[in-house]
Amino acid sequence: MARGMRSLPYMRQQSTRFLLVLMMLLGFTALNSSGIICAAEPPEESFMQDGLRAYQHGSFDKALEAWEQAAKLYQEKGDAMGQSRALVHSAHASESIGRVTQALQQLELALPLAKQTNDRMWIATVLENLGRTYLAARNTDAAMQYLNEALEMTATDRNTRVSAQVHNDIGLVKVSQQHFEEALTSFTDGVQEALAAGDQPLAVRARINASRALL
């Protein structure tokens, strides 16, 4: 009987310890879950996503603001690729609200950052964006300079999708210069490259531009 009486406090003590351990485990689990939620996406990536959503809804001013903030955060982290991406996105937003000069400035900043990464596909992409935006600014000489650089890089690396976009852009430059036969050749090359890359929308755009060049 005495032995049974002594076992009751012992059992209570064990139960208390078990509850404490359980609470600690639950607490650690909650903290860990909270940490995962908070650390799931860095703030600069959140701004990138916010900008994309705003851009898709036609809120170009908000998109520009978000992407500029992302570029600033990437710069503070020393992330050249991230900053370059954010600047290219910012340029799209700037151009969408008619600020072509600002878009060119952002792309000119994005290019040396892209070159720091040694990512040739991304460098070619920035060059293509520069060429297309200079065309929008009606500076065909600068447009051709950047597009030819991009074309040379994509030809070496066999990047068909970027190459298709570059051919399409060169065709547009040739149309603006009234060199319609050269434009048709560029658009036709763009169609072939787009099909090789599996980019049907780009192939359709290049075909439409080729038809217009024929007319």
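Quick note: structure is the one above.
Quick look at the structure, then. Keep in mind the model is a prediction, meaning the values are calculated, not measured. (Residues numbered from 1 in each chain as written. Predicted model: local features only at pLDDT ≥ 70, side-chain atom pairs only at ≥ 80, totals over all residues. Heavy atoms only, no water.)

1. Thoughts on helix H5 (residues 100-117)
- Between its first and last C-alpha atoms H5 spans 26 Å; for 18 residues at 1.5 Å apiece the expected length is 26 Å, and the two agree.
- Those residues of H5 lying buried are Val100, Ala103, Leu104, Gln106, Leu107, Ala110, Leu111, Leu113 and Ala114.
- Among the structural elements, helix H3 (60-77), helix H4 (80-96), helix H6 (120-136) and helix H7 (140-157) are those in contact with the buried residues of H5.
- Following H5 by one or two positions, Asn118 has its phi on the positive side, about 60 degrees. (Helix = DSSP H or I, 4+ residues; strand = E, 2+ residues; numbered from the N terminus. Expected span 1.5 Å × (residues − 1). Buried < 20%, exposed > 50% of the residue type's maximum accessible area, 1.4 Å probe, protein only. Contact = heavy atoms within 4.5 Å.)

2. Observations concerning the pattern of salt bridges
- One pass over the structure, following the stated rule, counts six salt bridges.
- Across the pair Glu45 and Arg85 runs a salt bridge, and its minimum N-O distance is 3.0 Å. Taken together, the positions of Glu45 in helix H2 (residues 43-56) and Arg85 in helix H4 put the pair 40 residues apart, joining distant regions of the chain.
- Put simply, Arg53 and Asp50 hold a salt bridge, and the shortest N to O gap is 2.5 Å. Residue Arg53 and its partner Asp50 are located together in helix H2, separated by three residues, close to a single helical turn.
- Using a relative accessible area of 34% as the deciding quantity, one classes Asp50 as partly exposed. (Salt bridge = Lys/Arg side-chain N within 4 Å of Asp/Glu carboxyl O.)

3. Overview of the environment of Leu214
- Inspection of the secondary structure assignment puts Leu214 in helix H10 (residues 200-214).
- Look at Leu214 and you get exposed, because its relative accessible area is 64%.
- The spatial distance from the C-alpha of Leu214 to the C-alpha of Ala183 is 9.2 Å, given a sequence separation of 31 residues.

4. Some points on the nonpolar core
- If you look at the biggest cluster of nonpolar residues, it comprises 41 residues, and the most contacted ones within it are Leu111, Val126, Leu130 and Tyr134.
- Not counting residues up to four positions away in its chain, the partners in contact with Val126 are Ser84, Val88, Leu107, Ala110, Leu111 and Ala114. (Core = buried A, V, L, I, M, F, W, Y, C linked by side-chain atoms within 4.5 Å.)

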